[in-house]
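Structural features, examined
Residue strings, one per chain:
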Amino acid sequence: MVRTRTVKPQPTDLCRIMAKHGSDKSPLWTGKRKSHDYTVLYDELFSKWREDAITVVECGVHTGASLGGWKEYFYKVRLYGLDIDLSRCRESMQWLCVPLDQTNAEQAKRTMRFIGSPVECQIIVDDGLHNPSGAIPFFTEAFPYLAKDGYYVVEDVKPKHLEATVAGMKASHPEARITVHDRRYPGSKYDNILIIATHESN
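Residues numbered from 1 in each chain as written. Predicted model: local features only at pLDDT ≥ 70, side-chain atom pairs only at ≥ 80, totals over all residues. Heavy atoms only, no water.

1. Quick look at helix 5 (residues 132–142)
Owing to its 3.6 residues per turn, the α-helix aligns residues three or four sequence positions apart on the same side. Convention followed: Partly exposed describes any residue whose relative accessible area lies between the buried limit of under 20% and the exposed limit of over 50%, with all areas from a 1.4 Å probe on protein chains only and scaled to the type maximum. Helix and strand definitions here come from DSSP, where helices need a minimum of 4 consecutive H or I residues and strands a minimum of 2 consecutive E residues; each element is numbered from the N-terminal end.
Along helix 5, 9 of the 11 residues are buried, which leaves the element largely enclosed by surrounding structure. Pro132, Gly134, Ala135, Ile136, Pro137, Phe138, Phe139, Glu141 and Ala142 are the residues of helix 5 that are buried.

2. A short note on the packing of aromatic side chains
Counted only if it meets this: Centres within 6.5 Å are what make two rings of Phe, Tyr or Trp a pair, Trp counting through its six-membered ring; a difference in plane orientation under 30 degrees is then read as stacked, over 60 as edge-to-face, and the rest as tilted. Criterion for a charge above a ring: Arg CZ or Lys NZ at most 6 Å from the ring centre, at most 35 degrees from the ring normal.
Using the criterion set out here, one finds 13 aromatic pairs in the structure. With a centroid separation of 5.9 Å and 20 degrees between ring planes, the pair formed by Trp70 and Phe74 is classed as stacked. Judged by its relative accessible area of 0%, Phe74 falls in the buried class. Here the aromatic rings of Tyr80 and Phe114 are separated by 6.5 Å at their centres, their planes lie at 80 degrees, and the arrangement is edge-to-face. Taken as a pair, Tyr80 in strand 2 (residues 76–83) and Phe114 in helix 4 (residues 105–116) lie far apart in primary sequence, 34 residues in all. Joined through ring pairs, the aromatic side chains of Tyr38, Tyr42, Phe46, Trp49, Trp70, Tyr73, Phe74 and Tyr151 make up one cluster. The ring of Trp49 has Lys48 lying over it, and the distance from NZ or CZ to the ring centre is 4.7 Å.

3. A word on the pattern of salt bridges
Inclusion rule: The salt bridge criterion pairs a side-chain nitrogen of Lys or Arg with a carboxyl oxygen of Asp or Glu, the two atoms within 4 Å.
Evaluation of the coordinates by the stated rule reveals 10 salt bridges. When the shortest N-O distance is used, the salt bridge between Asp13 and Arg50 registers 2.6 Å. In this pair, Asp13 sits in helix 1 (residues 13–20) while Arg50 sits in the loop between helix 2 (38–46) and strand 1 (53–59), placing the two residues 37 residues apart along the sequence. For Asp13, a relative accessible area of 32% translates into the label partly exposed. Salt bridges linked by common partners bring Lys25, Glu58, Asp127 and Glu155 together as one network.

4. Things to note about the side chain of Asp43
Threshold: Contacts are assigned to residue pairs that have any heavy atoms within 4.5 Å of one another.
Note that Asp43 resides in helix 2. Non-local contacts of Asp43, meaning those with residues more than four positions away in its chain, are made with Thr12, Asp13, Leu14 and Tyr73.

5. Notes on the environment of Ala167
For Ala167, the location among the structural elements is in helix 6 (residues 159–172). Each C-alpha atom, one on Ala167 and one on Ile178, is 9.9 Å from the other, the two residues being 11 residues apart in sequence.

6. Some remarks on helix 1
What counts here: The directions from the helix axis to the C-beta atoms form the arc being described.
Looking at helix 1, one finds that the buried residues are Leu14, Cys15, Ile17 and Met18. Take helix 1 and look down its axis: the buried residues cluster within an arc of 165 degrees, on one side only. Buried residues in helix 1 make contact with helix 2 and helix 3 (65–73). Downstream of helix 1 by a residue or two, Gly22 has a phi angle that is positive, lying close to 90 degrees.

And the structure:
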């Protein structure tokens, strides 16, 4: 658990890239709502792969803003966006968007089999429903496709859903190492909380 902080973090290269593409993952984003600051931590965790051929999967892509950010940040990325409603997503030859209802475990299983076999995913981001009914079925089916040194991230975890989401993830994959990152600071969003799952060997 990372304790609640008292100061706003310093921006990173990924913060600037995501803000440019219109993603609220960055503290530099200037949309109508408050932003998150996930890109500060992501830059620390993911920068080692910037020049590598990796696979990134994001569930809950909305307009595709963060897909654009991932594409610019990683030079050789194989990128997939999943969402139940792709009508708002900016389709691009640079990534593939796939329809997915993340509450449907069977659909999630088929989707991940399509994406992740035989390729492992270095990064899987759940920016979808932000509640246990969506997070747990998708994690159950997607985590087995995470690379041994990869990161599975659940974003925007509301405090009221935190305990149930962690419990459900642990129940579905007891072998996973699950950590909670409470990134709230004065003035930040109330759901500026991440759950990160990795393999025990990572």
